[in-house]
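# Structural characterization, general
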Amino acid sequence: MIYGFVGLGDMVEFSPCFKILSEGFSNSHIALVTVWDAVQTLFQKSPFLDEVIYFDFFKARLLEKLKFINSLRRRHFDISILPFPSYRREFNVFSGIVNAKERYSFKFDKGRF
């Protein structure tokens, strides 16, 4: 699972990695989770992604957010990737709660998540 929580430009910049991941994990299901409709629209037909999951995190109420996170958690993803630093705590917490077996993200040196 790849978290597409950053904007459209950053995801376009990261998009060559979809091909690399697709080739490197050829027997895997690669899902992009995004909170931006534009990211969903651009990548929903990517030949390197098996699924694009869109959720309007900003408009959803807390209970809806928790249900969505739980639905991802129940899918038991092996790997999650947060490709860009996120200073929004909820996105970093989100990554941990989904509980993939291996999680890749940026480490912050200033006491942030």
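What you are looking at is a predicted structure, and each value in this text was computed from that prediction instead of being measured.

This part covers the overall build of the chain. Each helix and strand in the chain was counted, giving five helices and five strands. When the helices and strands of the chain are listed from N to C terminus, the series reads β-α-α-β-α-β-α-β-α-β. Here the chain, with 113 residues, has 38% of them falling under the buried criterion. Residue pairs at least 24 apart in sequence account for 52% of intrachain contacts in the chain once pairs closer than 6 positions are excluded. As displayed, the chain has an accessible area near 7,300 Å², and 53% of this comes from carbon and sulfur atoms.

Evaluated as defined, the whole model comprises three salt bridges. Note that E23 and K19 form a salt bridge whose closest N and O atoms lie 3.6 Å from each other. One end of the pair, E23, and the other, K19, are both in helix α2 (residues 16-24), four residues apart, so they sit about a helical turn from each other. In this structure K19 comes out as partly exposed when scored by relative accessible area, which is 39%. Between E51 and R75 there is a salt bridge; the shortest N-O distance is 2.7 Å. Highlighted residues: E51 in strand β3 (residues 51-54) and R75 in the loop between α4 (62-73) and β4 (79-81), separated in sequence by 24 residues. Looking at E51, the relative accessible area reads 23%, which means it is partly exposed. For R75, a relative accessible area of 36% puts it in the partly exposed group.

This paragraph deals with unusual backbone geometry. Residues other than glycine seldom take positive phi values, yet H76 does so here, at roughly 55°. Position of H76 relative to the elements: it lies in the loop between α4 and β4. Overall, the relative accessible area of 60% leaves H76 in the exposed class. One non-glycine residue, N99, adopts positive backbone phi at about 65°. Structurally, N99 can be placed in the loop between α5 (89-98) and β5 (102-104). Accessibility expressed as a relative area gives 42% for N99, which makes it partly exposed.

Scoring rules and cut-offs
Residues numbered from 1 in each chain as written. Predicted model: local features only at pLDDT ≥ 70, side-chain atom pairs only at ≥ 80, totals over all residues. Heavy atoms only, no water. Helix = DSSP H or I, 4+ residues; strand = E, 2+ residues; numbered from the N terminus. Buried < 20%, exposed > 50% of the residue type's maximum accessible area, 1.4 Å probe, protein only. Contact = heavy atoms within 4.5 Å. Areas by Shrake-Rupley, 256 points an atom, 1.4 Å probe, with all protein chains shown as cover. Salt bridge = Lys/Arg side-chain N within 4 Å of Asp/Glu carboxyl O.

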